[in-house]
Amino acid sequence: MSGWRFLQLADSAFPTGGFAHSGGLEAAAQAGEVTDLAAFTRAVLWQAGFGALPLVHGAWSDPATLARLDARADAFLANHVANRASRIQGGAFFSTCARVFPDEAPRLPEGLCMHLAPLWGVVFRALGMSVEESRALFLWSTARGVLSAGVRLGLAGTYRAQRMLVELSPALDEVARLCADLGPESLAQPAPLLDLLQGTHDRLHSRLFQS
């Protein structure tokens, strides 16, 4: 790992706006579809593995393709809630990195939608992170974000959520291993029900999260 910088990027205090989003958990919970928070988080991890990591990998491998990968992300995220969340989080992520690491943050082409996954790959490479570190932190942040949302929604206590994160280690390893070689041509959505539920977020009577 690239030492202190990796820890700084992993720190929950690094302000990227991710904790304003539940990854579809809030809508699924209100629909009565979350009986096991850990199982839901595993589904989100597989969704990230097949639906986001290929873009992270592609952008890390060839930063010059960022605009094309950003456009592909925009077309792939047909669910308007997920699409909006990706753009908001991507913009916040890049804005923070540009302020914290002004000498190393990459220059971006104009007209981007600012989707999170391809920006993650480009920025992490510019900051000296390996593709393995980029992939690991993307998956870990995804799991942490869903479990944090579960705590705030009252689906689990703080200690139980942290225990779940420990128990999800094999799933994190498996997703990272099986998705390690996926490129942009391999984009897929393994959890369509999760996507459909997330798409109802804007119609919830009350909302704690943006997505």
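Structure: above.
Now for a quick tour of the structure.

The rules behind each value
- Per chain, residue numbering runs from 1 following the sequence as it is written.
- Reporting of local features is limited, given that this is a predicted model, to residues whose pLDDT is at least 70; pairs of side-chain atoms are given and counted only at 80 or more, and all residues count toward the totals for whole chains, interfaces and linings.
- Water and hydrogen atoms play no part in the side-chain values, which are based on all heavy atoms of the structure.
- By definition, any uninterrupted DSSP run of H or I lasting at least four residues is a helix, any uninterrupted run of E lasting at least two residues is a strand, and each is numbered from the N terminus.
- The buried label applies to any residue whose accessible area, calculated with a 1.4 Å probe on protein chains only, is under 20% of its type's maximum; exposed applies above 50%, and partly exposed to all values in between.
- Polar contacts, as counted here, are pairs of nitrogen or oxygen atoms within 3.5 Å of one another; within protein the pair requires one atom able to donate a hydrogen and one able to accept it, and residues that are adjacent in sequence qualify only if both atoms are side-chain atoms.
- Residue contacts are defined here by distance: any two heavy atoms, one from each residue, within 4.5 Å place the two residues in contact.
- Between 30 and 60 degrees the pair is tilted, below 30 it is stacked and above 60 it is edge-to-face, where a pair is any two Phe, Tyr or Trp rings, Trp via its six-membered ring, whose centres lie within 6.5 Å.
- To sit over a ring, a charge needs its Lys NZ or Arg CZ within 6 Å of the ring centre and within 35 degrees of the ring normal.
- Salt-bridge detection follows one rule: a side-chain nitrogen of Lys or Arg within 4 Å of a carboxyl oxygen of Asp or Glu.

The next subject is the side chain of His115. Relative to the elements of secondary structure, His115 occurs in the loop between helix 6 (80-100) and helix 7 (116-126). Take His115: its relative accessible area is 0%, and that puts it in the buried class. At 2.8 Å, the side chain of His115 and the side chain of Ser86 are in polar contact. Ignoring any residue separated from it by four or fewer positions in sequence, one finds His115 in contact with Asp70, Ala73, Asp74, Leu77, Asn83, Ser86, Arg87 and Gly90.

Okay, the packing of aromatic side chains next. Applying the stated criterion across every chain yields a total of six aromatic pairs. Between the aromatic rings of Phe93 and Trp120, the centroid separation amounts to 5.0 Å while the plane-to-plane angle is 20 degrees, which identifies the pairing as stacked. Pair noted here: Phe93 is in helix 6 and Trp120 is in helix 7, with a separation of 27 residues, a long-range link. Classification of Phe93 by relative accessible area gives buried; the value is 2%. An aromatic cluster of at least three residues, connected via ring pairs, comprises Phe93, Trp120, Phe124 and Phe138. Sitting over the ring of Trp60, Arg125 keeps its end group 4.9 Å from the ring centre.

This next bit is on the environment of Ala98. When you line up the elements, Ala98 lands in helix 6. Taking C-alpha positions, Ala98 is 9.2 Å from Val123, a pair spaced 25 residues apart along the chain.

Between side chains of opposite charge, a pair can form when the charged atoms approach closely. Scanning the model with the defined rule gives four salt bridges in all. Of the charged contacts, one joins Glu104 and Arg5 as a salt bridge, the two residues approaching to 2.6 Å between their closest N and O atoms. A residue pair is termed long-range when its members are at least 10 positions apart, and Glu104 in the loop between helix 6 and helix 7 and Arg5 in helix 1 (residues 3-10) qualify at 99 residues. Overall, Glu104 belongs to the partly exposed group, its relative accessible area being 33%. By relative accessible area, Arg5 is classed as partly exposed at 22%. Among the salt bridges present, the one from Asp202 reaches Arg84, with a minimum N-O distance of 2.9 Å.

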